[in-house]
Amino acid sequence: MRITYIIFIISLFILFYNYIGYGLLLWVIVRIKRMLVRTAPAPAPPYEPDVTLVVAAYNEEGIITAKIENTLALDYPAHKRHLLFITDGSTDATPQIISRYPELQLLHTDKRGGKTAALNRAMEQVQTPYVIFCDANTLLNKDAIRNIVKHYADETVGGVAGEKKVISDDSSGAAATEGIYWKYESYLKKLDAELYSVVGAAGELFSIRTALFQPVEEEVILDDFVISLRINLKGYRIAYAPDAYAMETPSDNIAEEHKRKIRISAGGFQSIVMLRALLNFFRFPVVSFQYISHRVLRWTLSPLSLLLLLVTNIMLVIYPGGWLFYAFLLIQVMGYAAAFIGYSLAERNIKISIFYIPFYFLFMNIAVYQGFYRYLTNTQSAAWEKAKRSKI
C-alpha cells in the first residue's frame, strides 16, 4: 500500500499544481520580479507600422458581413493596413460577399485543404512587417490593431497574443462556464507574459513578425499554437495585449463544445511531439517551465492523475488508511455526482452552474483521452471543423 499512497500523493500534487498551484507560484514569482525591477515604462510615441490583417473564413456567410463591417471600422490608418480574407474550400456565398468590398483582398480556391494550408497560402501574399491573424466568427474591439502593434516597439517581441472574450446573454451554463475558464486563462496569460512570454496564442486573435513566420505542415491541427511557440524557439517572446480582444459566442451546445475539445486535445499531443525542443530546460529554462506547467501537464499527466487519484483513493479506503481518505473519497464522489447531474441537465438544455462547472471540468479531461486516441490512430483531420456557435 506504500506504492498506492505515493501514487495518490503524486496524483493529487499534479492536479493541484496544474490547475491552482502554477497560478499561485507564478503570482509569487511575478511579485518578486516587480520588487526587484522597479522601472517605470517610458511613454511610448504612437507606433503605426504597416500591418496585414488575415482572416480565414470557411462557410461563414451568416456572419461575414458583420465581420467585414467590424474590420473596416477598426481605428487604424487605412493606407497602413492591408485586409486579406481567405475562403479556401467555402461552398456558400462567403467569397461572393467578400468580393463586393474593394478594400479587401480575397483569396479563394475551391479546394479545401484546411486552415493551416490556407494560412500558408495567405502568408505568401503578405508584404508588411507584421501580420495579425483572427477568426471570421469573431468581432474585434476598435483599437485592437493599435493595441497589438505597439508591443513591437520592443525588439524582443516576436509575436503578440490578443484576448478572447466569450459573450452571451445567458448568465449561466455553457456561456458562464466557458467565460470563467477564459477569464482564468487570461489571468494566467497576463502573469506568463509578465514573467517572460505567453505560452501559445489563441487563434481568435494573435500576431507575429512576418519575417519570423515558418510555413506550417498541413497536417498540423493547432496552427496558432505551433506558429506562436515556434517564435519562442527562435529566441523571441510573445507579448500579451488584453486590450486587443476578439469577441465570440460560446458553442451552441455541449456536443459542439465536446467536438472542439477533442480536436484541441488531439492537436495538443501532436504539438508536444512537434515542439519537443521546448521540453529542454537547459536550452529554454523559463519557457520550458511555463510551457510544461501551463500546457503539457494539462494534456498529459493531469487527466491521468485524475483517474489514478480516484482508483488509489478507493484502494486506500478498502485497506484502512484513516478518516482522511474516507473524507477525500466522499468529496470525489460528490464531485463526480455533481458532474453527472450537470451532464444530465445539459442534455436537456438545463444548465445550472453549480453542476455544470464540475461537469465542464470532467468532460474537458475525458476529451483529452479521446483526443489522445485520435492522435495515436491519426484520425483527427487538420481541415476546418466549423463548430456551431450560439446566437445572441
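To be clear, the structure that these remarks concern was listed above.
As the structure is a computational prediction, the values presented were derived from the model and not from experiment.

A.B. asks: When you look at empty space enclosed by the protein in this model, what are you seeing that I'm missing?
C.D. replies: Any empty space left between atoms is shown by rolling a water-sized probe over those atoms. Under the definition given, this model contains 4 cavities of 30 Å³ or more. What lines the second largest cavity is Val54, Ala56, Lys115, Leu119, Phe133, Cys134, Asp135, Gly203, Phe206, Asp223 and Asp224. Where the lining of the second largest cavity is concerned, the elements lending two or more residues are β1 (51-56), α4 (115-123), β4 (130-135) and α7 (223-233). Looking at the lining of the second largest cavity, the element that brings in the most residues is β4, giving 3 residues.

A.B. asks: Can you walk me through the nonpolar core in this structure?
C.D. replies: When a protein is soluble and globular, its nonpolar side chains tend to lie buried together. One finds Ile64, Ile148 and Leu205 to be the most contacted residues of the largest nonpolar core, which totals 30 residues. Those elements giving two or more residues to this core turn out to be β1, α2 (64-72), β2 (81-86), α3 (94-98), β4, α5 (144-149), β6 (157-166) and β8 (237-248). Look past the residues within four positions of isoleucine 64 in its chain and what remains in contact with it is Ala57, Phe85, Thr94, Ile97, Ile98 and Ala136.

A.B. asks: Just to check I follow, could you spell out the packing of helix α1 (residues 2-36) against helix α10 (residues 301-318) for this structure?
C.D. replies: Each pair of packed helices can be described by the angle between their axes along with the distance between the axes. Interhelical geometry of α1 versus α10 gives an angle of 140 degrees and a closest axis separation of 8 Å. Our classification of the angle between α1 and α10 gives oblique. With respect to the hand of their crossing, α1 and α10 are arranged in left-handed fashion. Here Thr4, Tyr5, Ile7, Phe8, Ser11, Leu12, Ile14, Leu15, Asn18 and Tyr19 of α1 lie close against α10, whose contacting residues are Leu301, Ser302, Ser305, Leu306, Leu308, Leu309, Thr312, Asn313, Met315 and Leu316. Grouping the constituent residues of the contact of α1 with α10 by class yields 13 nonpolar, 7 polar and no charged.

A.B. asks: Sorry, what's going on with α4 here?
C.D. replies: Note: α-helices contain 3.6 residues per turn, so residues at a spacing of three or four share the same orientation. Burial within α4 is extensive, with 8 of its 9 residues counted as buried. Along α4, the positions that sit buried rather than exposed are Lys115, Thr116, Ala117, Ala118, Leu119, Asn120, Ala122 and Met123. Of the surrounding elements, those touching the buried residues of α4 are β1, β2, β3 (104-107), β4 and α7.

A.B. asks: Hey, could you run me through the pattern of salt bridges in this one?
C.D. replies: As a working rule, side chains carrying opposite charge can pair if their charged atoms are close by. Inspection of every chain in the model, using the stated rule, returns 13 salt bridges. The salt bridge involving glutamate 248 is made with lysine 164; its shortest N-O contact spans 3.0 Å. With glutamate 248 in strand β8 and lysine 164 in strand β6, this residue pair connects regions lying 84 residues apart in the sequence. Look at lysine 164 and you get buried, because its relative accessible area is 3%. Put simply, arginine 230 and glutamate 217 hold a salt bridge, and the shortest N to O gap is 3.2 Å.

A.B. asks: What exactly am I supposed to notice about unusual backbone geometry here?
C.D. replies: Peptide bonds are, in most cases, trans, and in most cases residues other than glycine have a negative phi. Phi is positive for asparagine 59, which is not a glycine, with a value near 50 degrees. Within the element layout of this structure, asparagine 59 appears in the loop between β1 and α2. The phi dihedral of asparagine 378 is positive, around 55 degrees, even though this residue is not glycine. Relative to the elements of secondary structure, asparagine 378 occurs in the segment after α12 (353-377). For asparagine 378, a relative accessible area of 67% puts it in the exposed group.

A.B. asks: What is the right way to read the packing of helix α8 (residues 254-274) against helix α9 (residues 285-299) from this model?
C.D. replies: Packing of α8 against α9 leaves a shortest axis separation of 9 Å and a crossing angle of 125 degrees. Considering their axes alone, α8 and α9 lie oblique with respect to each other. Considering only the axes of α8 and α9, their crossing is left-handed. Between α8, through Ile264, Ser265, Gly268, Phe269, Ser271 and Ile272, and α9, the contact on the second element is made entirely by Tyr291, Val296 and Trp299. When the residues that make up the contact of α8 with α9 are grouped by side-chain class, the tally is 6 nonpolar, 3 polar and no charged.

A.B. asks: When you look at the environment of leucine 104 in this model, what are you seeing that I'm missing?
C.D. replies: With respect to the helices and strands, the residue leucine 104 is situated in strand β3. Residue contacts for leucine 104: discarding those within four places in its chain leaves Ile68, Leu72, Leu83, Phe85 and Ile98.

A.B. asks: What's the story with the sheet that holds strand β5 (residues 139-140) in this structure? I'm lost.
C.D. replies: Strand pairing in a sheet relies on backbone hydrogen bonds. The paired strands run either parallel or antiparallel. Here we have 8 strands laid out as an open sheet, ordered β3-β2-β1-β4-β7-β6-β8-β5, and mixed in their pairing. Either end of the sheet is taken by a strand with one partner, and the two such strands are β3 and β5. Note: β1 against β4, 6 bridges, orientation parallel. Residue pairing in the sheet places leucine 53 in a bridge with isoleucine 132 of β4.

A.B. asks: Even after reading the chapter, I still don't get the pairing of β4, so can you show me in this structure?
C.D. replies: Each regular strand displays side chains that alternate between the two surfaces of the sheet. With 6 of 6 residues buried, β4 lies mostly within the body of the structure. Where burial is concerned, the two faces of β4 agree: the one with Tyr130, Ile132 and Cys134 and the one with Val131, Phe133 and Asp135 are both buried. The sheet contact formed by β4 and strand β7 (residues 205-209) spans 5 bridges and is antiparallel. Its bridge partner lying in β7, isoleucine 132 is registered against serine 207.

A.B. asks: Whenever I open this one, helix α11 (residues 323-347) confuses me. Can you help?
C.D. replies: End to end, α11 covers 36 Å across 25 residues, agreeing with the expected 36 Å (1.5 Å per residue, within 8%). Where the residues of α11 are buried, they touch α1, α10 and α12. Count one or two residues on from α11 and you reach asparagine 349, which has phi positive near 60 degrees.

A.B. asks: What am I meant to see in the packing of aromatic side chains here?
C.D. replies: In the structure shown here, the tally under the stated rule is 19 aromatic pairs. With centroids separated by 5.5 Å and ring planes inclined at 80 degrees, the aromatic side chains of phenylalanine 8 and phenylalanine 328 adopt a geometry described as edge-to-face. Placement of the pair is phenylalanine 8 in helix α1 and phenylalanine 328 in helix α11, with a sequence separation of 320 residues. Residue phenylalanine 8 is classed as buried on the basis of its relative accessible area, which comes to 4%. For phenylalanine 328, a relative accessible area of 24% puts it in the partly exposed group. Relative to tyrosine 22, the ring of tyrosine 17 has its centre 6.1 Å away and its plane inclined at 65 degrees; by these criteria the two rings are edge-to-face.

Thresholds, definitions, all that
- Think of each chain on its own: its residues are numbered from 1, step by step along the sequence as written.
- A pLDDT threshold of at least 70 governs which residues receive local features in this predicted model, and a stricter bar of 80 or more applies before side-chain atom pairs are shown or counted, although totals over entire chains, interfaces and linings include all residues.
- The basis for every side-chain value is the complete set of non-hydrogen atoms in the structure, without hydrogens or water.
- A 1.4 Å probe that fits but cannot get out identifies a cavity on a 1 Å grid over protein atoms alone, an open set with protein on both sides within 12 Å along at least five of seven lines counts as a pocket, and a residue lines either if it has an atom within 4 Å of a point.
- Grid points are joined across faces, edges and corners, and a volume is the space filled by probe spheres set on the points.
- For the purposes of this entry, the term helix denotes a DSSP run of H or I that reaches at least four residues, the term strand denotes a run of E that reaches at least two, and both are numbered from the N terminus.
- By nonpolar core is meant a set of buried Ala, Val, Leu, Ile, Met, Phe, Trp, Tyr and Cys residues that side-chain atoms within 4.5 Å join together.
- Three exposure classes are used, based on accessible area relative to the maximum for each residue type with a 1.4 Å probe and protein chains only: buried under 20%, partly exposed in between, and exposed over 50%.
- A contact between two residues is defined here by any heavy atoms of the two lying within 4.5 Å.
- The axes used here are C-alpha line fits, helices contributing only the stretch in contact, and every angle between their N-to-C directions lies in the interval 0 to 180 degrees.
- If an angle is under 35 degrees, it is roughly parallel; if it is over 145, roughly antiparallel; if it lies from 65 to 115, roughly perpendicular; otherwise it is oblique.
- Put simply, a crossing is left-handed when the front helix is turned counterclockwise from the back one by less than a right angle, and right-handed when it is turned clockwise.
- Any residue outside Ala, Val, Leu, Ile, Met, Phe, Trp, Tyr, Cys, Pro, Asp, Glu, Lys and Arg is labelled polar, Gly included; the first ten of those are nonpolar and the last four are charged.
- By convention in these notes, a salt bridge is any Lys or Arg side-chain nitrogen within 4 Å of a carboxyl oxygen on Asp or Glu.
- Between any two strands, at least two bridges found by DSSP are needed for them to pair.
- In this analysis, the expected span of each helix is defined as 1.5 Å times one less than the number of residues it contains.
- Ring pairs shown here join Phe, Tyr and Trp side chains whose ring centres sit within 6.5 Å, with only the six-membered ring taken for Trp; geometry is labelled stacked below 30 degrees between planes, edge-to-face above 60, and tilted in between.

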